[in-house]
Amino acid sequence: MTNNKIVVLGASEHAKVVLDVIEREGKYAILGLIDTYKPAGGTLFGYPMLGTEETMLAMFKRAEIVGGIVTIGDNWTRITWSRKSN
């Protein structure tokens, strides 16, 4: 089976809307949320807080995930995160 595990980058109300779309589509397994400003270990919207973007990059390198979806509402921050992830 193909790895379909992803993380969601951002933990705001915009992330909540995107999570709903991903869940309804049913193509990906969401492992949790990544956010620089929220500590790892808690939960939000029913998903674990995993850490920062460095956590996401490490997960990708270890092949735990196939990628992530950036759900940052602010355009500048979203493009900055997207460029870091490449």
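Residues numbered from 1 in each chain as written. Predicted model: local features only at pLDDT ≥ 70, side-chain atom pairs only at ≥ 80, totals over all residues. Heavy atoms only, no water.

1. Let's talk about the pairing of strand β1 (residues 5-9)
For step 1, the next point in the chain: A large share of β1 lies buried, amounting to four of its five residues.
For step 2, the next point in the chain: Bridge count for β1 against strand β2 (residues 29-34) is five bridges, and the pairing is parallel. From the neighbouring strand, Val7 faces β2, where its bridge partner is Gly32.
For step 3, the next point in the chain: Read from β1 through helix α1 (residues 13-25) to β2, the crossover connection turns out right-handed.
For step 4, the next point in the chain: The pairing of β1 with strand β5 (residues 67-70) spans four bridges and is parallel. Looking across to β5, one finds that Leu9 is bridged to Val70. (Buried < 20%, exposed > 50% of the residue type's maximum accessible area, 1.4 Å probe, protein only. Helix = DSSP H or I, 4+ residues; strand = E, 2+ residues; numbered from the N terminus. Pairing = 2+ DSSP bridges. Right-handed = clockwise from strand over helix to strand, strands pointing away.)

2. Re the pattern of salt bridges
For step 1, the next point in the chain: Per the stated rule, a full pass over the model turns up two salt bridges.
For step 2, the next point in the chain: Where Arg62 meets Glu64, a salt bridge forms, and the shortest distance between an N and an O atom there is 2.4 Å.
For step 3, the next point in the chain: Classification of Arg62 by relative accessible area gives exposed; the value is 53%.
For step 4, the next point in the chain: Under the relative-accessibility criterion, Glu64 is labelled partly exposed at 30%. (Salt bridge = Lys/Arg side-chain N within 4 Å of Asp/Glu carboxyl O.)

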